[in-house]
Every structure is written in C-alpha cells, then in structure tokens.
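Below are the chains, spelled out letter by letter.
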Amino acid sequence: MADNTRPPEGTNNGSKKSSSPLRMGIIGVLLVSALGVGGSYLYHSMQYEKTDNAQIEGDIYPVISRIAGKVAEVRVRDNQMVARGDTLLTLDRSDELVRLNMMAAELQSAQAAVSVAQSQAEAAHAAVSAAEATNRKEQSDLQRYSKLLKQEVISPAEFDGVKARAEAAAAQLLALRSRYQAAQAELPLKQADALKRQATLQEAELKLSYTALTAPANGRVAKKNVHIGQYVAPGQQLIALVGNNDLWVVANFKETQLEHLVPNQAVIIEVDAYPGKT
C-alpha cells in the first residue's frame, strides 16, 4: 500500500522565506557601503590630485678632505645629528707636524739672516760715515799742503805723503760705499726670503688644521663613507650631511593632473616611514 503522506505544506518554504530578508539586508548594507566608499573616492579624486612619486629632499653638505692622509678617528655614525663646527673625523697629524716644525725652523733661520743683514748694513753705513769724515780731513790737508808746496814751505816729499794719504782715504771711502750699497741690496732679499718662509709656515699650519674635518652646517649624517685606517685623497668625499633647517618635498605629477595645480596650494603629506600621520 503506497504511503501518500506528505510533509505539512510550508515547512521548508517558511524557512527559506525567513532567511531572505536577512540576506537582502546584508546585501543592502554592502551595497550602501560600496556606494559610500566609491562616492568618497570619486569625490576625493575630483577635489584632490594624488601621487606616490615623491621624496623628501634638503640641502646636502659634502665633507671633503683637503689633504691626503690616513684616517685616525671617526667620531660620528650614520643618522647622527651634528652641529656646525663639530669634529666629524681626524686624519693622522704626524707628517703635517713634522713639516710644520721644519717650516718654523726655516723661518727662524731666515729671520736671523735678516737681522745679520740689517747689522751689516748699519755697520757699513757707520763705516762710510767715518770714512767720509777722514776723507774730508785728508782732502782738506791736501789742499792746504798744496799751497804750502807752492810757497816752498814744505818739501815735495812731505807733500807726497799728504797726497798719498788723501788718495788712500778717497779709495777707502769708495770701497766702503760700495760695500754699503751691497749690504743695502742684500737686505731686501733676506727680508723677502723671510716672508716666503713665513707664508710656507702659515701654509703648514693650515694643512695641519685640515687634519680635523668639521661639520659645515647643522644637520644629520646621511652617508658615511670612511673608516679608521683608511687612506684618503684630496677632494675625496667622506661624509654627506643633510641640513635640518630647510627640508622640502619634490612631488612628480602626471601631465593630466596639472590642470588645477597652482602655486601656494595647501597639500597633505603622508610619509611611508610614519603611517597614519600627516
């Protein structure tokens, strides 16, 4: 006998109908959320231009060695903040100190030579003054004895003696004047040599100061390319500093984004290193 019993009508159908409103509500919420997000994005895209092609830039100060030498000490590390004038690293001072001492000794010798030349010039001048006085006396005697010879008051032999002394005095004066002129000419040469030695000493002092490399400005060590014991050459960049006073953002937009961009517009900047902060 066939069993024609059927489950009561509406049992399963009622279950399906009761879940449909919930499903429709969820779909509705999702649609509204999607429309809200899409509308917000559309509104934002119409009001703002955005680019990820941007970077922070600032003044770069290279720290460059002016002389050749071996690195003796490095006092900074990457990303360290430094102030203008801080010593960043030092080079070995031994060679420059030796050179400085040599130049100081040469200057001292040159200055001593100037003193000697001055003394010789002064002595030569004094000798010329004395010889001029002697020559005046001998020439005066010669004139006087010449008159006496004409008057036959003195003998020719006597006159010859006076004449010889006058001629010797004149020759002596001429020789001393020549010596004085030579001393005068020598003095400027000695003085010039002393000035040259002094300039060389100043150069040695300057090069010694170059063994200490200091920060040219306030900033942060962005790139340190130097190590203790390393031999560096003149003109070699050892450290790069990024100034902390003036920083700016360089943003690159597409040509289609430039239509409504004008100078002095306010911008919103988000840095990847600090998510969530603007």
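Residues numbered from 1 in each chain as written. Predicted model: local features only at pLDDT ≥ 70, side-chain atom pairs only at ≥ 80, totals over all residues. Heavy atoms only, no water.

**Q** Can you explain the pattern of salt bridges? Please cite residues and give values.
**A** Under the counting rule described, the total for this entry stands at 10 salt bridges. Where D141 meets R144, a salt bridge forms, and the shortest distance between an N and an O atom there is 3.4 Å. Placement of the pair is D141 and R144 together in helix α2 (residues 94-150), with a separation of 3 residues, close to one helical turn. Since its relative accessible area comes to 43%, R144 is described here as partly exposed. With its nearest N and O atoms 3.6 Å apart, the salt bridge here joins D193 to R197. On the criterion of helical spacing, the pair formed by D193 and R197 is a turn pair, its members being 4 residues apart in helix α3 (residues 156-209). According to the relative accessible area criterion, D193 is partly exposed, its value standing at 30%. Taking the relative accessible area as the measure of exposure, R197 reaches 28% and is therefore partly exposed. (Salt bridge = Lys/Arg side-chain N within 4 Å of Asp/Glu carboxyl O. Helix = DSSP H or I, 4+ residues; strand = E, 2+ residues; numbered from the N terminus. Buried < 20%, exposed > 50% of the residue type's maximum accessible area, 1.4 Å probe, protein only.)

**Q** An account of the nonpolar core is requested, with residue identities and associated values reported.
**A** Residues V82, L88, L89, L91, L238, I239 and L241 are the most contacted members of the largest nonpolar core, which totals 16 residues. At the level of elements, β4 (87-91) and β8 (237-251) are the ones that each hand at least two residues to this core. Beyond its immediate chain neighbours, meaning those up to four positions away, I239 contacts Y61, P62, V63, V76, L88, L89, V221, K223, K224 and V226. (Core = buried A, V, L, I, M, F, W, Y, C linked by side-chain atoms within 4.5 Å. Contact = heavy atoms within 4.5 Å.)

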